[in-house]
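# Geometric and topological summary
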Amino acid sequence: QVPLVESGGGSVQAGGSLRLSCEASGRILSSRVMKWFRQAPGKEREFVAGIRWSTLRTYYSDSVKGRFTISKGNYNTVYLQMNDLTQEDTAVYYCNGGSQWGLDQGPDWGQGTQVTVSS
């Protein structure tokens, strides 16, 4: 497992933006698929966005498509740009790394970063 560290969470008003960062302890291999998940209070953890490291192909959940963008930073960093935030986006956001495309959760996790959106 590769330790991941998220940052960039915080409190923002509805309609605002945040950029989350996820830094891996080492180089992210080209075979990896990096993803973001989130978990709101009382709800199950859900997939948000993913990126295949080798091709930079991305995919998103319907709830964030058009508002969130996942991207590659340098060799060990992945970002999640979140625009036009709503209260429904309030959750702990987790970075995840694995080898499978799709909604599956990989073995690599960060500790999570809290995002709170107020009206």
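Residues numbered from 1 in each chain as written. Predicted model: local features only at pLDDT ≥ 70, side-chain atom pairs only at ≥ 80, totals over all residues. Heavy atoms only, no water.

## Brief notes about the packing of aromatic side chains
- For the structure shown, the criterion picks out five aromatic pairs.
- When the ring of Tyr59 is compared with that of Trp101, the centres are 4.0 Å apart and the planes differ by 40°; the resulting orientation is tilted. Taken together, the positions of Tyr59 in strand S6 (residues 58-60) and Trp101 in the loop between strand S9 (91-98) and strand S10 (108-109) put the pair 42 residues apart, joining distant regions of the chain.
- Their ring planes at 85° and their centres at 6.2 Å tell us that Tyr94 and Trp109 sit as a pair that is edge-to-face. Of the two residues, Tyr94 sits in strand S9 while Trp109 sits in strand S10, which places them 15 residues apart along the sequence.
- In this structure Tyr94 comes out as buried when scored by relative accessible area, which is 14%.
- Residue Trp109 is classed as partly exposed on the basis of its relative accessible area of 25%.
- Chaining the aromatic ring pairs together yields one cluster made of Phe37, Phe47, Tyr59, Tyr94, Trp101 and Trp109.
- Positioned over the ring face of Tyr94 is Arg45, at 3.8 Å from the centre of the ring. (Phe/Tyr/Trp six-rings, centres within 6.5 Å; stacked < 30°, edge-to-face > 60°. Helix = DSSP H or I, 4+ residues; strand = E, 2+ residues; numbered from the N terminus. Buried < 20%, exposed > 50% of the residue type's maximum accessible area, 1.4 Å probe, protein only. Lys NZ or Arg CZ within 6 Å of the ring centre and 35° of its normal.)

## Side note on the sheet that holds strand S1 (residues 4-7)
- An order of S1-S3-S8-S7 is seen for the four strands of this open sheet, with the pairing classed as antiparallel. Each having just a single partner strand, S1 and strand S7 (68-72) make up the two edges of the open sheet. For this sheet, the mean inter-axis angle between neighbouring strands, taken without regard to orientation, is 15°.
- Examined bridge by bridge, strand S3 (residues 18-24) and strand S8 (residues 77-82) share six bridges and lie antiparallel to one another. Within the sheet, the bridge partner assigned to Leu18 lies in S8 and is Met82. (Pairing = 2+ DSSP bridges. Axes fitted to C-alpha atoms, helices over the stretch in contact; angles between N-to-C directions.)

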